[in-house]
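# Chains, contacts and geometry: an overview
Here are the chains, one letter per residue:
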Amino acid sequence: MSAAAVPALYRLQVDGQTLDAVLEIEDAAIVLHSSGGAKSGRPLNPDYARTLRLLLTRLAAAGLHVREAWVDSNRVQHLPPRDRLILTPAERSLTPEAQFSFMTAAMELIGQAPGVSGKGNRRKRIRLQLEEQLPQGDLVTLLGAVLVDQEVHTPQRLSAADLEKVTAQYLFHAVERLKAGDTAHGFGPSTEYDVLLDDGTRLPPKAVFGVAASEALGREVGPKDFTGGVDSQCVRVLREAGYTIITKGEERPADPVPVAAEDVAWTEGRTVLVTHLRRERASGLAQAKKADFVQQHGRLHCEHCKMVPSEHYGEHGDACIEVHHRTVHVADMAEAHRTVLDDLQCLCANCHRVEHRRLKAGLLQR
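Note that the structure is predicted; figures quoted are calculated from it, not measured.

Quick notes on the rules
- Residues numbered from 1 in each chain as written.
- Predicted model: local features only at pLDDT ≥ 70, side-chain atom pairs only at ≥ 80, totals over all residues.
- Heavy atoms only, no water.
- Phe/Tyr/Trp six-rings, centres within 6.5 Å; stacked < 30°, edge-to-face > 60°.
- Helix = DSSP H or I, 4+ residues; strand = E, 2+ residues; numbered from the N terminus.
- Buried < 20%, exposed > 50% of the residue type's maximum accessible area, 1.4 Å probe, protein only.
- Lys NZ or Arg CZ within 6 Å of the ring centre and 35° of its normal.
- Salt bridge = Lys/Arg side-chain N within 4 Å of Asp/Glu carboxyl O.
- Pairing = 2+ DSSP bridges.

## Focus: the packing of aromatic side chains
Applying the stated criterion across every chain yields a total of 2 aromatic pairs. Each ring, one from phenylalanine 187 and one from phenylalanine 226, has its centre 5.9 Å from the other, and the planes form 45 degrees; the classification is tilted. Here phenylalanine 187, found in the loop between helix H5 (168–180) and strand S11 (193–196), pairs with phenylalanine 226, found in the loop between helix H6 (205–217) and helix H7 (233–240); they are 39 residues apart in sequence, far enough to count as distant. Residue classification places phenylalanine 187 among the buried residues on the basis of a relative accessible area of 9%. With centroids separated by 5.1 Å and ring planes inclined at 55 degrees, the aromatic side chains of phenylalanine 209 and phenylalanine 226 adopt a geometry described as tilted. You can see phenylalanine 209 sitting in helix H6 and its partner phenylalanine 226 sitting in the loop between H6 and H7, a full 17 residues away along the chain. Each member of the pair phenylalanine 209 and phenylalanine 226 is classed as buried. Ring pairs connect the aromatic residues Phe187, Phe209 and Phe226, which therefore count as one cluster. Looking at arginine 53, its charged tip hangs above the ring of phenylalanine 100, at a distance of 3.9 Å from the centre.

Here is the structure:
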């Protein structure tokens, strides 16, 4: 008996990058292999979520519909397909993002033992059955898939330890450099999501993270060195640093400044004070200043009264420290003024409030 033929494996490409998640493509069906932990010293199919999102988006854009999808893992193949469905014809009209959410939520319950609490695996091997039948080659081309050389392993990407070195101040520097156009990099434009800045500027998340990583690690970091996508560590770090991630085409949210009644009372309709408040709360600015301050001084403290909040309040004491724009002549700043971290101070909440009162009094005198 001859050995069973090994199915051809494919990966999707986007922005010149080949995503690290494996597909099987048939005439009217697509099988996405599961994601998992370490295999041969590296994660298995780490771009699973991004590949599934992109797969659903490209099928919808081509007018192709997923009739049904079910979990196809070996351990549940003894169950009839109806007992492992994660998408039915009733969900056919959902948007790709809604289908993604529905499927990932449904698949975590498939194969889970009765009475087991907690979340199951949302990255299982799944089969998507299409309503329309296309020749395999046409479907491969439509999806932007490339054949995987099964003898060639994916190059080693940045480790989790390396990714954690990309802290808020490096992201801030990267944003400023990209806005000013004074950095060369190998990252293309984004296709799904943008970093939205307060002035309405949109930047590719992967480019922001990659330029920041190059500075943090002291070597050139390129598109193939780490994974992008909304579920990636890259985007998680950007969000934790205070940046807004927005879907392509999504409208800019309403201006959040000022937000509190106390701020409204302080600004009292004076444009210059609102401008000051905006500069202090610019995306990523506070986190960048604090990270830079800790790197220089070892811990956060108030630059006026010298209080070290962690000594008074324990592990959550750093919440007392706020970032203040030390440039009091904010009225004279052009709208395009470029803030640097040395323009800022780390102050406790009390000293910060006093500085705001002093600023207001000085402006009224002027």
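## Structural notes on the pattern of salt bridges
Scanning all chains against the criterion turns up 17 salt bridges. One salt bridge in this structure joins glutamate 24 and arginine 125, with 3.6 Å as the shortest N-O distance. Taken together, the positions of glutamate 24 in strand S3 (residues 23–25) and arginine 125 in the loop between helix H2 (96–107) and strand S9 (126–130) put the pair 101 residues apart, joining distant regions of the chain. Residue glutamate 24 is classed as buried on the basis of its relative accessible area of 11%. The shortest N-O distance in the salt bridge between arginine 84 and aspartate 72 comes to 3.6 Å. On the criterion of sequence distance, the pair formed by arginine 84 in the loop between strand S7 (66–71) and strand S8 (85–87) and aspartate 72 in the loop between S7 and S8 is long-range, its members being 12 residues apart.

## Focus: the pairing of S11
The two faces of the sheet receive side chains in turn, since in a regular strand these alternate between them. Residues Tyr193 and Val195 of S11 are buried on one face, and the alternating residues Asp194 and Leu196, pointing to the opposite face, are buried as well. Judged from the 4 bridges that link them, S11 and strand S13 (residues 244–247) form a sheet pairing that is antiparallel. Among the inter-strand pairings, tyrosine 193 is bridged to a residue of S13, identified as threonine 247. Note that S11 and strand S12 (residues 202–203) share 2 bridges and pair antiparallel. In the strand pairing of S12, valine 195 is matched with leucine 203. What sits between the antiparallel neighbours S11 and S12 is a turn of 5 residues, in which glycine 200 has the positive phi angle 95 degrees.

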